Every structure is written in C-alpha cells, then in structure tokens.
Amino acid sequence: MIAHKRARIIGAAVLAAAVIGGATACSGSGSGSTSSAGGTYTFWDPYPQFDASADWTKLVEQCGTQAGVTLKRTGYDTSDLTNKALLAGQQGSSPDLLLVDNPVVSTLADAGILTSTSENKLDTSAIQKNILAAGQVDGKTYGVPIGANTLALYYNKTVLSAAGVDIASVKDWPSLTAALAKVTAAGKKGITFSAIGTEEGSFQFLPWFWGSGADLKHLDSSKATQALSLWTDWLKKGYAPNSVINNTQTTSWQEFATGDYAFGENGTWQLGNVKKAGIDYGILTIPGIDGGAAPAPTGGEFMTIPVQKDTARYATSKKIAECLTSTKSFVKTDTTLSYIAPTEAAQTEQVAANADLKPWVDAVAAAKGRTSDNLGTNYPKISQQLWGAVQNALSGSQTPEAALKAAQSAAAAATK
C-alpha cells in the first residue's frame, strides 16, 4: 500500500535532511527490520545514546511487557532515522512504533508512512494544542508528543547587577536593547546566540521573527525586517559578537558559560550545564517586540504508529504508545531528556519536583511548531531561505530588507 508512493518518499528524504538538527541532539547507529511475527514488536527512536541499562530502555521494555509482547528497540541518529523510516515505508517494512523529531512528522505523513490518530485511536485530548500542532497536517494528527523543549534567555544576575540593570525592566525589545547597552558600557558582553547557516540558525531566529508578528509565508514583510534589523543592529553596536554568524547552539552556550555575557539564547537542555558552570542565573522568556512572550519553536519527538500490512497489530501498538505517553511515563521520560511534558498534569508533577522548570513550562506554553500554519513539508524550503537571509544580513553582504526580499522570492519559487 506504500510502494506506489516511491517518488514522494525519495523526495521527502531530501526535504528531511534540511530540517534535522534544530531542537534535538542524537547520534549513533543501529539496525531494525519489519515487524516480526508472534510476540515481537519493533520500535525505532532517535536515542542511540541510551544502552540497555538506561531508564528509557527499561521503560520501553516494560511497556512492551505490559502489552504482552517483546518490544525490540533500536536507536538511530536523528537524520539516519528519518531516512531509514522513509526507506522502510517504501519497502512496506516499517517498525510498529516510530519516535521522530516533530518537524519530520509532516514529511513522513506526506509520504503515506504514518497512520493518523483517527485511524490508530490514540487519544490526544490532554495534549497542549500548540505542542500537538507540530504533528498535524491538513487537519489530521499523526502522533502524540512525548514532550517539548524550546528556547528562552538565560541571564547572568552578576553581570546585570554590576551594570545596574533590573531584570524586571526587560519586557520588550527596546528595554532589552537598553539593558545590552548598559552592560557593554560597563565593560561586559551583551548577548550571544546561534545564527549559523543551518536549521539551528532558523530555530534561534524564529522567536524574534514570530515575536515581531511576522509569518513564514511572508519572509519579506516589514515586521520580518524589524526582527532581522534587531539582530544586525546588535552586531553593529557590539551588543552581540560577530561569532554568532558561525555559532551553533553548543558554541553559543560555551560563550555564555564563560560568565562574561548578560544573556544567552538557548534551550531547556542546558539547565544542567548552567548549574555546572556556577553562574548565578535566571530564565527570561524571549520578549515580543512590544512585550509579552514571543512564540519560540518547539523541539521534541512524536510517538507515531506507522502503516502496517497487518492492521491487527495497531491495537497492541496503541497499548505500547499509551504506556509510553502516560502521565507517569511523561514525568520520568521528560525529566531524563530535559523536556517539558505536553500535558498539564505531568507539568504540574515536574514543577513540584523541580521548581527550576517553571519558567520553561511558561516558555513551552507560548511556543509554536515550526511546521504549524499548515506549512508541512514546505517548512524546510522556507527555513533554508530564512537562515540564508540571516547570514547575509549579519555578514553585511545585504541589508535586512534586501536579504529577506531575496529569501521570499526563492522560497516562493521552491514551494510552488
């Protein structure tokens, strides 16, 4: 039932390569095969770093046992997982369950590889709507998110205090820029972020892009120009270092961890590292241009049930998926992965156990899926043009307005 979509699957594999890497970091290799007969079910995920002794692996095995089957788990590198999933779908040999990075859901759904929740009967009623949106295409939902991470501003209380900046005064772009001016005037460094020419660059620019009121279907709007001008002005005035042009989220974090910067844009996954760095820190939701929380992009994976020749297998796959996405499992899994759970009940338990997560719960509540607005498989084409525009503007080769105009023209041609 999948073989006739071969051309679409091959095209999807090309698209998938561009979207990997914004929100999750996984590496490794493994092997998987079509669902075995009898009591063995297969499950692929992007966590090769977890071996047989890991809590995640034990939870997966436990959920299989509770469903009355043996669950064979294989962890792949994120990009490798996507390509293997596309190939397996083409060959009619998909695993019973598949955990994938949320922007990839639309690619696999478009290729005809995934069952929708209306088909597999997974319940998504308790999931936060903005987190669930990353797995929705043309009105259909293709899985259940196991959690989400997103971006916010880490700030160094010591640096801000020395510069006479009250963090409570930072509520919008003008007040943030004023804080950066004070910090640099006091001899410290302002803000660091990742603007590299990859999906990570788009991922980090999106809160400012969306925070201006811009949308991804109109890259050259006046609001979008305001967002890119904000970043370019920061570089020109020395509020942000030129290194941001090549910074990954990791190298940007390393800059903030030196203790010299007032602000560092980064994700939930750095919470453990900021404590190790010994910085007296706080978390500030990225502000919108006129105040309020800017929508930051959601990262995280979706639990999906691929199409099977033997549809009778879906019932057991559903039981396994429900076990892995129960409140108890959400809390255990998301704490391990530094994710915020996608349900209010699980979030409440997380914050009760670790109050440091409260700002991240608020940030996730304001977050937005990159493929939302029904962009689906068009997102990676648009994102590539967006990060190119950011690079061109920050390097000074084009004005923000010219860079975004060229990006919109290219994106429109690519998404026809």
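Everything that follows concerns the structure shown earlier in this document.
**Considerations on the environment of Asp 215**
Next up, step 1: Inspection of the secondary structure assignment puts Asp 215 in the loop between helix H9 (199–211) and helix H10 (222–236).
Next up, step 2: For the pair Asp 215 and Lys 188, spaced 27 residues apart in the sequence, the C-alpha separation amounts to 34 Å.
Next up, step 3: Within the local environment of Asp 215, its side chain forms a polar contact with the side chain of His 218, the two groups lying 3.0 Å apart.

**Notes on H10**
Next up, step 1: Between the first and last C-alpha of H10 there are 20 Å, a value that for 15 residues agrees with the 21 Å anticipated at 1.5 Å per step.
Next up, step 2: Among the residues making up H10, those that are buried are Ala 224, Thr 225, Ala 227, Leu 228, Leu 230, Trp 231, Thr 232, Trp 234 and Leu 235.
Next up, step 3: Turning to H10, the residues buried within the fold contact helix H8 (173–185), strand S8 (189–192), H9, strand S9 (261–267), helix H17 (379–395) and helix H18 (400–414).
Next up, step 4: With its phi angle positive at about 80°, Gly 238 sits one or two positions after the end of H10.

**Some words on the sheet that holds strand S7 (residues 151–156)**
Next up, step 1: Overall, mixed pairing links the 4 strands, which are arranged S8-S9-S7-S10 in an open sheet. The open sheet is flanked by S8 and strand S10 (281–284), the only strands paired with a single partner. Within this sheet the neighbouring strands show an average axis-to-axis angle of 20°, counted without direction.
Next up, step 2: Alignment of S7 against S9, held across 5 bridges, turns out to be antiparallel. The residue of S9 that forms the bridge with Tyr 155 is Phe 263.
Next up, step 3: In the packing of helix H11 (residues 249–256) onto the sheet, contacts are made with S7, S8 and S9, and the angle to S9 comes to roughly 150°.

**Here's the deal with the pattern of salt bridges**
Next up, step 1: Summed over the entire model, instances satisfying the criterion amount to 8 salt bridges.
Next up, step 2: Note that Arg 73 and Asp 45 form a salt bridge whose closest N and O atoms lie 2.5 Å from each other. Taken together, the residues span a long stretch of sequence, with Arg 73 in strand S2 (residues 70–75) and Asp 45 in strand S1 (residues 40–45) at a distance of 28 residues. A single burial state applies to Arg 73 and to Asp 45, both of which are buried.
Next up, step 3: For the salt bridge of Glu 322 with Lys 318, the shortest nitrogen-to-oxygen distance reads 2.6 Å. You can see Glu 322 and its partner Lys 318 sitting in helix H13 (residues 314–324), 4 residues apart, about one turn around the helix.
Next up, step 4: In this structure Lys 318 comes out as partly exposed when scored by relative accessible area, which is 23%.

**Details of the sheet that holds strand S6 (residues 144–145)**
Next up, step 1: Taken in spatial order, the 5 strands make up an open sheet running S2-S1-S3-S11-S6, and their pairing is mixed. Each of the sheet's edge strands pairs with one partner strand only, and the pair in question is S2 and S6.
Next up, step 2: With 6 bridges joining them, S1 and S2 adopt parallel strand pairing. Within the sheet, the bridge partner assigned to Thr 42 lies in S2 and is Lys 72.

**Section: the nonpolar core**
Next up, step 1: Of all hydrophobic cores here, the largest spans 55 residues; its most connected members are Trp 208, Phe 209, Leu 216, Trp 234 and Phe 263.
Next up, step 2: At the level of elements, S7, helix H7 (157–162), H8, H9, H10, S9, H17 and H18 are the ones that each hand at least two residues to this core.
Next up, step 3: In contact with Trp 208, other than residues within four places in its own chain, are Leu 153, Trp 173, Leu 176, Ala 227, Leu 230, Trp 231, Trp 234, Glu 265, Ile 286 and Pro 287.
Next up, step 4: If you look at the next biggest cluster of nonpolar residues, it comprises 52 residues, including Tyr 47, Trp 56, Val 144 and Ile 305.

**Observations regarding the packing of helix H2 (residues 55–66) against H13**
Next up, step 1: Close contact between H2 and H13 brings their axes to 9 Å; oriented N to C, the two are set at 140°. Regarding the angle of H2 to H13, the classification is oblique. Here H2 runs over H13; the crossing is right-handed. Contacts from Trp 56, Leu 59, Val 60, Cys 63, Gly 64 and Gln 66 in H2 reach Ile 320, Cys 323 and Leu 324 in H13.

**Points about the state of the cysteines**
Next up, step 1: This structure, assessed with the given rule, holds 1 disulfide.
Next up, step 2: With its sulfur 2.0 Å from that of its partner, Cys 63 forms a disulfide with Cys 323. Disulfide Cys 63-Cys 323: the torsion about the S-S bond is -70°, which places it as left-handed. Remark: Cys 323 occurs in helix H13 and Cys 63 occurs in helix H2; sequence separation between them is 260 residues.
Next up, step 3: Accessibility expressed as a relative area gives 13% for Cys 323, which makes it buried.

**What about the pairing of strand S11 (residues 301–304)?**
Next up, step 1: Judged by which residues are buried, S11 turns out to be covered on both faces: Glu 301 and Met 303 on one side and Phe 302 and Thr 304 on the other are all buried.
Next up, step 2: For strand S3 (residues 97–101) and S11, the ladder comprises 4 bridges, and the chain directions are antiparallel. Bridge pairing in S11 places Leu 99 opposite Met 303.
Next up, step 3: Alignment of S6 against S11, held across 2 bridges, turns out to be antiparallel. Considered in S11, the bridge of Val 144 is made with Met 303.

**Digging into H9**
Next up, step 1: Here H9 is 13 residues long and its end C-alpha atoms lie 18 Å apart, about the 18 Å a rise of 1.5 Å per residue gives.
Next up, step 2: Maximal helix bending in H9 amounts to about 40°, located at Phe 205; proline Pro 207 follows within four positions.
Next up, step 3: Of all 13 residues in H9, 13 are buried, a share of seventy percent or more.

Rules used throughout
Residues numbered from 1 in each chain as written. Predicted model: local features only at pLDDT ≥ 70, side-chain atom pairs only at ≥ 80, totals over all residues. Heavy atoms only, no water. Helix = DSSP H or I, 4+ residues; strand = E, 2+ residues; numbered from the N terminus. Polar contact = N/O pair within 3.5 Å; in protein donor to acceptor, adjacent residues only side chain to side chain. Expected span 1.5 Å × (residues − 1). Buried < 20%, exposed > 50% of the residue type's maximum accessible area, 1.4 Å probe, protein only. Contact = heavy atoms within 4.5 Å. Pairing = 2+ DSSP bridges. Axes fitted to C-alpha atoms, helices over the stretch in contact; angles between N-to-C directions. Salt bridge = Lys/Arg side-chain N within 4 Å of Asp/Glu carboxyl O. Core = buried A, V, L, I, M, F, W, Y, C linked by side-chain atoms within 4.5 Å. Parallel < 35°, antiparallel > 145°, perpendicular 65-115°, else oblique. Left-handed = near helix turned anticlockwise from the far one by under 90°. Disulfide = S-S within 2.5 Å. Bend = angle between axes of the 7 residues up to and from the residue.

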